[in-house]
Amino acid sequence: MLIDVNYWAVIIATLSTMLVGSIWYTPKVFGNYWMRVAKVDDSGERGAVGPILTTLVVSFISAWVLAIATQVAWTALGGNYLLMAITTGLMLWAGFTAARFITHDVFEGRPPGLTILNIGHEFVTVIVMALIIGAWPPAGTV
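This structure is a prediction, so every number in the text was calculated from the model and none was measured.

Details of the overall build of the chain
Link 1 in the chain: For the chain, the count of helices and strands is five helices and zero strands.
Link 2 in the chain: Listing the helices and strands of the chain from first to last along the sequence gives α-α-α-α-α.
Link 3 in the chain: Here the C-alpha coordinates of the chain stretch approximately 50 × 30 × 25 Å along the principal axes.
Link 4 in the chain: Across the 142 residues in the chain, those meeting the buried criterion constitute 33%.
Link 5 in the chain: Contacts spanning at least 24 positions in sequence make up 75% of the contacts within the chain whose residues lie at least 6 apart.
Link 6 in the chain: Roughly 8600 Å² of accessible area belongs to the chain as shown, and the carbon and sulfur atoms make up 71% of that amount.
Link 7 in the chain: Of the charged side chains in the chain, 6 are positive and 7 negative, and the gap between their average positions amounts to 7 Å.

Here is the structure:
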């Protein structure tokens, strides 16, 4: 079976994570709370290039996997491609992202509010990626 992926949608979904993160963690939204509870030092000594490049690489992998999983699910089950992308994204978020964040944060003794904040961010990120991937399926798919 050949799995078609729209790499333009994957690239846009990747870039969307930067937009979501920059809004979510801005001081006027959740940034001040996040820095305080996560004990993030904003002294400016640490450069932003490394974290941004890491985010782009990891976000590309996430968007690519979501696109592949959506295509596999849609090929197996059919139906509305956008709905399949959202459903697939929700299942991957709940089963892997949220579950793993909760497990690690409990063992590390992180405050529940920080866990909720971070899995909330991941939820919004995955939904936005799913909307992009689902609205722009591979050519000839739908």
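Some remarks on the pattern of salt bridges
Link 1 in the chain: Applying the stated criterion across every chain yields a total of two salt bridges.
Link 2 in the chain: We note a salt bridge from Arg 110 to Asp 105, for which the minimum N-O separation is 3.8 Å.
Link 3 in the chain: Between Glu 108 and Arg 110 there is a salt bridge whose closest N-O contact spans 2.9 Å.
Link 4 in the chain: One continuous salt-bridge network, built from bridges that share partners, spans Asp 105, Glu 108 and Arg 110.

Looking at unusual backbone geometry
Link 1 in the chain: Here Lys 39, not a glycine, exhibits a phi torsion of approximately 60°, which is positive.
Link 2 in the chain: Structurally, the position occupied by Lys 39 is in the loop between α2 (27-37) and α3 (49-77).

As for the environment of Gly 113
Link 1 in the chain: Relative to the helices and strands, Gly 113 is located in helix α5 (residues 112-135).
Link 2 in the chain: Linking Gly 113 and Ile 11, residues 102 residues apart in sequence, is a C-alpha distance of 31 Å.

Topic: the UniProt feature "transmembrane region" (unreviewed entry) in the chain
Link 1 in the chain: Mapped onto this numbering, the UniProt entry gives "transmembrane region" (unreviewed entry) at residues 6-26, 47-69, 81-102 and 114-136.
Link 2 in the chain: A distance of 34 Å separates the end C-alpha atoms of residues 47-69, which is 91% helix and 0% strand.
Link 3 in the chain: For residues 81-102, helix accounts for 100% and strand for 0%, while the C-alpha atoms at its two ends are 30 Å apart.

A word on the packing of helix α1 (residues 7-24) against α3
Link 1 in the chain: For the pair α1 and α3, interaxial distance at closest approach is 8 Å and the crossing angle is 135°. Here α1 is positioned oblique relative to α3, judged by the angle of their axes. Between α1 and α3 lies a crossing of right-handed hand. Residue-level contacts link Tyr 7, Val 10, Ala 13, Thr 14, Leu 15, Thr 17 and Met 18 of α1 to Ile 52, Thr 55, Leu 56, Ser 59, Phe 60, Ala 63, Trp 64 and Ala 67 of α3.
Link 2 in the chain: Taken together, the residues of the contact of α1 with α3 break down into 11 nonpolar, four polar and no charged.

Definitions and cut-offs
- Residues numbered from 1 in each chain as written.
- Predicted model: local features only at pLDDT ≥ 70, side-chain atom pairs only at ≥ 80, totals over all residues.
- Heavy atoms only, no water.
- Helix = DSSP H or I, 4+ residues; strand = E, 2+ residues; numbered from the N terminus.
- Buried < 20%, exposed > 50% of the residue type's maximum accessible area, 1.4 Å probe, protein only.
- Contact = heavy atoms within 4.5 Å.
- Areas by Shrake-Rupley, 256 points an atom, 1.4 Å probe, with all protein chains shown as cover.
- Lys, Arg positive; Asp, Glu negative; His and termini not counted.
- Charge placed at Lys NZ, Arg CZ, Asp CG, Glu CD.
- Salt bridge = Lys/Arg side-chain N within 4 Å of Asp/Glu carboxyl O.
- UniProt positions renumbered as here; feature names shortened; annotations may be inferred.
- Axes fitted to C-alpha atoms, helices over the stretch in contact; angles between N-to-C directions.
- Parallel < 35°, antiparallel > 145°, perpendicular 65-115°, else oblique.
- Left-handed = near helix turned anticlockwise from the far one by under 90°.
- Nonpolar A, V, L, I, M, F, W, Y, C, P; charged D, E, K, R; others polar.

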